[in-house]
Amino acid sequence: MFGHAADGNLHVNVTGVDPTDERIDAAVLGLVAERGGSISAEHGIGTVKKQWLHLNRSAAEIAAMRSIKRALDPAGILNPNVLLPS
């Protein structure tokens, strides 16, 4: 683990596993969410963790995010497929 001591941000980096095996991510991020932690940082969810966004955001929050994205980017050309999971 490594992170930012001042703001309590920790990063978990597990090595030696198949990168397509999502069991580690599911276990770690699930535990973080269960304990009230955030799975993202101040800069957003990121492309790797977007499938886990539902752990920290409700369906209503994600729907609101989609609505804002559509309103500000109706053509879908700004960072397509980056933030919101399919």
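The structure this text deals with has already been given above.
Residues numbered from 1 in each chain as written. Predicted model: local features only at pLDDT ≥ 70, side-chain atom pairs only at ≥ 80, totals over all residues. Heavy atoms only, no water.

Caption draft 1: Highlighting the overall build of the chain. In terms of regular secondary structure, the chain is built from two helices and two strands. The helix and strand sequence of the chain, counted from the amino end, reads β-β-α-α. Going through the 86 residues of the chain one by one, you find that 15% of them count as buried. The long-range share in the chain, meaning contacts at least 24 apart out of those at least 6 apart in sequence, stands at 33%. For the chain, the accessible area works out to roughly 6,600 Å², and carbon and sulfur atoms hold 58% of it. (Helix = DSSP H or I, 4+ residues; strand = E, 2+ residues; numbered from the N terminus. Buried < 20%, exposed > 50% of the residue type's maximum accessible area, 1.4 Å probe, protein only. Contact = heavy atoms within 4.5 Å. Areas by Shrake-Rupley, 256 points an atom, 1.4 Å probe, with all protein chains shown as cover.)

Caption draft 2: How the structure looks around the pattern of salt bridges. All chains considered together, the criterion is met by two salt bridges. A salt bridge links Arg23 to Asp21; its shortest N-O distance comes to 2.6 Å. Asp21 sits in the partly exposed class, given a relative accessible area of 24%. Across the salt bridge formed by Asp73 and Lys69, the nearest N and O atoms sit 2.6 Å from each other. The exposure class of Lys69 is partly exposed, given its relative accessible area of 29%. (Salt bridge = Lys/Arg side-chain N within 4 Å of Asp/Glu carboxyl O.)

Caption draft 3: Quick look at a nonpolar patch on the surface. On the surface, Val12, Val14, Val17 and Ile24 cluster together into a nonpolar patch covering about 280 Å² of accessible area. Position of Ile24 among the secondary structure elements: in helix α1 (residues 23-34). (Patch = residues over 30% accessible without salt bridge, like charges linked within 9 Å, V, L, I, M, F, W, Y side chains within 5 Å.)

Everything listed here is a matter of coordinates, which is why it stays silent on function.
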